[in-house]
Amino acid sequence: MTRDDNIEEYKDFCSRVAVPLFAQPYWLDAVCPGEWDVMFARKSGRVAAAMPWHGVRRLGRRFMLQPQLTQFLGPQVDFALTNESHYRRRSLFRECATDIIGQIASQRFAYVQMAMHHTYTDWLPFHWAGYRETTRYTYLLPDISSPDEVVRSFHPSKRGHLRTAAADGLVADCAMGGDEFRDFHARCLATKGQRPVYAKAVFDRLAATMAARGQCAFIAVRGRGGDLQSAVFVVWDDTTAYQLMSCTDVRNASAGASTFAVEQAIRFCSSRVKAYDFEGSMMQDVEFSYSKYGTVQRPYIYLERYSSLAMEIALRLAGKTR
């Protein structure tokens, strides 16, 4: 089958299986156009699982990498093909994962990188195939249908930030566009000596795609004089909103600006989805902040595999594995 055939079959799969936002065809077309394909595992001639993958060429070798701005990917299994018992579901996943692992091996990638959605907790087939696992964490508000209750679950320090925001006269709006957010994000990073980790073209394409679908918002927080202090870029699917990016002008912002931006994003999303995912971080200060929003910590599986020890050393020295 050709890549076009694979993508059409995958679109059909997504029409009947609840596939998370980051694995949707329109998302992948935005973040890695022309650079993604799909592997399938079949049972009795029917697609039982599908795994979209992003392939690139570096140093004359092929890599399978997470696309930019994409938290999760990995295998997507149609569990409707089995009953609800844990054993049957686990067996179906392992059978499909083993099939897909064989297909990955046939591609002879120099390096494979994969982050699985937090609802997938079994990585043993990958362990048996020689993959290396790192447990990472995301932070989730499972139910934001009552935003006032969510705010009451905030740590006292976060509620204090909201009182500061009110005293300082901060206001929030959704009038910000993608260009303004991207430029503000870059300026905020520059104050810390950092640069965006995504390409401008990728961001612009993604923002345009999600805006056209009505599945994103840019929440801006401004001071009394209209000065932009903090902003959040949030995207969503049928069930969950994802805080894709947030940024604050630490030089001029009120102490309550960033918390107020997040609170307003949660309120905005509460009428659209049930859950709110902060997307997590392994950075200590970011984790410390996210954990104070009344979130639950959810582990997710991050997998890597090098074609050889020599390849691992070469790629790590060249900084080409991220």
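You'll find the structure just up there.
The following paragraphs examine the structure supplied in this document.

Cut-offs applied
Residues numbered from 1 in each chain as written. Predicted model: local features only at pLDDT ≥ 70, side-chain atom pairs only at ≥ 80, totals over all residues. Heavy atoms only, no water. Helix = DSSP H or I, 4+ residues; strand = E, 2+ residues; numbered from the N terminus. Rg over C-alpha atoms; globule rule 2.2 N^0.38 Å. Buried < 20%, exposed > 50% of the residue type's maximum accessible area, 1.4 Å probe, protein only. Areas by Shrake-Rupley, 256 points an atom, 1.4 Å probe, with all protein chains shown as cover. Lys, Arg positive; Asp, Glu negative; His and termini not counted. Charge placed at Lys NZ, Arg CZ, Asp CG, Glu CD. Pairing = 2+ DSSP bridges. Phe/Tyr/Trp six-rings, centres within 6.5 Å; stacked < 30°, edge-to-face > 60°. Lys NZ or Arg CZ within 6 Å of the ring centre and 35° of its normal. Salt bridge = Lys/Arg side-chain N within 4 Å of Asp/Glu carboxyl O. Axes fitted to C-alpha atoms, helices over the stretch in contact; angles between N-to-C directions. Parallel < 35°, antiparallel > 145°, perpendicular 65-115°, else oblique. Contact = heavy atoms within 4.5 Å. Nonpolar A, V, L, I, M, F, W, Y, C, P; charged D, E, K, R; others polar. Polar contact = N/O pair within 3.5 Å; in protein donor to acceptor, adjacent residues only side chain to side chain. Core = buried A, V, L, I, M, F, W, Y, C linked by side-chain atoms within 4.5 Å.

**A few points about the overall build of the protein chain**
Here's step 1: Each helix and strand counted, the protein chain has 11 helices and 12 strands in total.
Here's step 2: Its C-alpha atoms give the protein chain a radius of gyration of 21 Å, near enough to 20 Å, the size a compact globule of 322 residues would have.
Here's step 3: Taken over the C-alpha atoms alone, the protein chain extends approximately 60 × 45 × 35 Å along its principal axes.
Here's step 4: The burial tally for the protein chain puts 50% of its 322 residues in the buried class.
Here's step 5: About 15,100 Å² of surface is accessible on the protein chain, with carbon and sulfur atoms providing 50% of the total.
Here's step 6: Charge-centre separation for the protein chain: the mean point of 40 positive side chains lies 5 Å from the mean point of 34 negative side chains.

**Things to note about the pairing of strand E9 (residues 228-236)**
Here's step 1: In terms of burial, E9 is largely enclosed, as nine of its nine residues are buried.
Here's step 2: What sits between strand E8 (residues 216-222) and E9 in their antiparallel hairpin is a turn of five residues, with Gly226 showing a positive phi close to 85 degrees.
Here's step 3: Both E9 and strand E10 (residues 240-248) contribute to a ladder of seven bridges, which runs antiparallel. In the strand pairing of E10, Phe233 is matched with Met245.
Here's step 4: Remark: three residues form the turn of the hairpin made by E9 and E10, two consecutive strands paired antiparallel.

**Section: the packing of aromatic side chains**
Here's step 1: Scanning all chains against the criterion turns up 23 aromatic pairs.
Here's step 2: Here the basic side chain of Arg136 rests over the ring of Tyr302, its NZ or CZ set 3.8 Å away from the ring centre.
Here's step 3: One residue, Arg305, lies across the ring of Tyr131, its end atom 5.9 Å from the ring centre.

**Digging into the pattern of salt bridges**
Here's step 1: Counted according to the given criterion, the structure contains 16 salt bridges.
Here's step 2: One salt bridge in this structure joins Arg222 and Asp173, with 2.9 Å as the shortest N-O distance. Taken together, the residues Arg222 in strand E8 and Asp173 in strand E7 (residues 171-173) connect sequence positions 49 residues apart.
Here's step 3: The buried category is assigned to Arg222, whose relative accessible area is 16%.
Here's step 4: Here Asp179 makes a salt bridge to Arg182, at a shortest N to O gap of 2.8 Å. With a gap of three residues between them, Asp179 and Arg182 both fall in helix H7 (residues 178-190), about one helical turn apart.
Here's step 5: The network of salt bridges with shared partners includes Asp179, Arg182, Asp183, Lys200 and Asp204.

**Focus: the packing of helix H6 (residues 156-167) against helix H9 (residues 257-269)**
Here's step 1: For the pair H6 and H9, the least separation of the axes is 8 Å and the interaxial angle reads 100 degrees. In terms of orientation, H6 and H9 fall into the roughly perpendicular class. Counted together, Lys158, His161, Leu162 and Ala165 of H6 and Thr259, Phe260 and Glu263 of H9 form the full contact between these two elements.
Here's step 2: Residue composition of the contact of H6 with H9, grouped by class: three nonpolar, two polar and two charged.

**What about unusual backbone geometry?**
Here's step 1: With a phi close to 60 degrees, Leu69 is a non-glycine residue in the positive phi region.
Here's step 2: With respect to the helices and strands, Leu69 occurs in the loop between strand E3 (61-65) and strand E4 (76-77).
Here's step 3: According to the relative accessible area criterion, Leu69 is buried, its value standing at 17%.
Here's step 4: Located in the positive-phi region is Arg108, a residue other than glycine, with phi close to 55 degrees.
Here's step 5: Taking the relative accessible area as the measure of exposure, Arg108 reaches 69% and is therefore exposed.

**Notes on the environment of His155**
Here's step 1: As for its placement among the helices and strands, His155 is situated in the loop between helix H5 (147-152) and H6.
Here's step 2: By relative accessible area, which is 36% here, His155 ends up partly exposed.
Here's step 3: With 136 residues separating them along the chain, His155 and Val19 place their C-alpha atoms 33 Å apart.
Here's step 4: Within the structure, the side chain of His155 is placed 2.9 Å from the side chain of Ser157, a separation counted as a polar contact.

**Observations regarding the nonpolar core**
Here's step 1: Core analysis: the biggest nonpolar cluster contains 55 residues, and Tyr10, Trp27, Phe181, Phe233 and Val235 have the highest contact counts within it.
Here's step 2: In contact with Tyr10, not counting residues within four places along its chain, are Val19, Ala23, Pro25, Trp36, Val38, Phe40, Ala50, Pro52 and Gln76.
Here's step 3: Counting residues in each nonpolar core, the second largest holds 28 residues, with Tyr139, Leu162, Val232 and Trp236 among its members.

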